[in-house]
Amino acid sequence: MQPLNIRAGMVIQVDTSGLNQGQVGKRMCVALADGELLEIRRHELTVCSKPEPCCGVTYVLISTNRSDGKRDKGAAYWTAFGEIERFQVWGD
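Predicted model only: the values in this text are computed from it and were never measured. (Residues numbered from 1 in each chain as written. Predicted model: local features only at pLDDT ≥ 70, side-chain atom pairs only at ≥ 80, totals over all residues. Heavy atoms only, no water.)

**Q** An account of the overall build of the chain is needed here, citing residue identities and associated values.
**A** The helix and strand tally for the chain stands at 0 helices and 7 strands. Of the regular secondary structure in the chain, the N- to C-terminal order runs β-β-β-β-β-β-β. For the chain, long-range pairs separated by at least 24 residues make up 46% of all intrachain contacts whose partners lie at least 6 apart in sequence. Within the structure as shown, the chain displays about 5600 Å² of accessible surface, and the carbon and sulfur contribution to it stands at 50%. (Helix = DSSP H or I, 4+ residues; strand = E, 2+ residues; numbered from the N terminus. Contact = heavy atoms within 4.5 Å. Areas by Shrake-Rupley, 256 points an atom, 1.4 Å probe, with all protein chains shown as cover.)

Shown next as structure tokens:
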């Protein structure tokens, strides 16, 4: 859980699935609930006062195991925390 300061004196907890600000800019492998595997460069962690659909990560796609052409390498995407099953930080 990541603390989120909404306004002075008010803090809520947001389940970020273990992702945190320290991983921004890092190269990562991410497994999604639908079986897709992504190699990404993390760009931003998005948290808000309501859970879904505004809490998630923005990233640049390096590669994917999808073969349907629905994602373009080098493009930016956003994924909700709830869609992420597991991840591993690979480095800079």
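Additional details are given in the paragraphs that follow.
**Q** Account for the packing of aromatic side chains, naming residues and giving values.
**A** How two aromatic rings sit relative to each other is set out by the distance from centre to centre and by the angle between their planes. The tally for this structure, following the rule as stated, stands at 1 aromatic pair. The ring of Y77 has R71 sitting right over it, with the charged end atom 5.1 Å from the ring centre. (Phe/Tyr/Trp six-rings, centres within 6.5 Å; stacked < 30°, edge-to-face > 60°. Lys NZ or Arg CZ within 6 Å of the ring centre and 35° of its normal.)

**Q** Any chance you could break down the environment of W90 for me, citing the residues and the numbers?
**A** Within the secondary structure layout, W90 lies in strand β7 (residues 84–91). Taking relative accessible area as the criterion, W90 reaches 39% and is therefore assigned partly exposed. It is 9.3 Å that separates the C-alpha atoms of W90 and E39, two residues lying 51 residues apart in sequence. The residues touching W90, leaving out its near neighbours within four places in the chain, are R27, M28, C29 and E39. Of note is the side chain of W90, whose polar atom sits 3.4 Å from the side chain of Q88. (Buried < 20%, exposed > 50% of the residue type's maximum accessible area, 1.4 Å probe, protein only. Polar contact = N/O pair within 3.5 Å; in protein donor to acceptor, adjacent residues only side chain to side chain.)

**Q** I'd like to hear about the pattern of salt bridges, residue by residue, with values.
**A** Where charged atoms from two side chains of opposite charge approach closely, those side chains can pair. Per the stated rule, a full pass over the model turns up 4 salt bridges. For E36, the salt bridge goes to R71, with nearest N and O atoms at 2.9 Å. Of this pair, E36 sits in the loop between β3 (27–32) and β4 (37–46) while R71 sits in the loop between β5 (56–64) and β6 (76–80), placing them 35 residues apart in sequence. Salt bridges sharing partners connect three or more residues here, namely E36, R66, D68 and R71. (Salt bridge = Lys/Arg side-chain N within 4 Å of Asp/Glu carboxyl O.)

**Q** Give a detailed account of the pairing of β3, specifying residues and quantitative values.
**A** Pairing of β3 with β4, which is carried by 5 bridges, proceeds in the antiparallel orientation. Note on β4: the bridge partner recorded for R27 is R41. Here β3 runs beside β7; their pairing, made up of 6 bridges, is antiparallel. Directly across from A31, in β7, lies its bridge partner R86. (Pairing = 2+ DSSP bridges.)

**Q** Got a sec to walk through the nonpolar core? Specific residues and values, please.
**A** By size, the foremost hydrophobic cluster in this structure holds 15 residues, and its most contacted members are L19, V30, L38, I40 and V57. Elements with a minimum of two residues in this core: β3, β4 and β5. Setting aside residues no more than four positions away along its own chain, V30 makes contact with E36, L37, L38, I40, I84, R86 and F87. (Core = buried A, V, L, I, M, F, W, Y, C linked by side-chain atoms within 4.5 Å.)

**Q** Which residues make up the environment of G35, and what are the values?
**A** When you line up the elements, G35 lands in the loop between β3 and β4. In this structure, the C-alpha to C-alpha distance between G35 and R66, residues 31 residues apart in sequence, is 9.2 Å.

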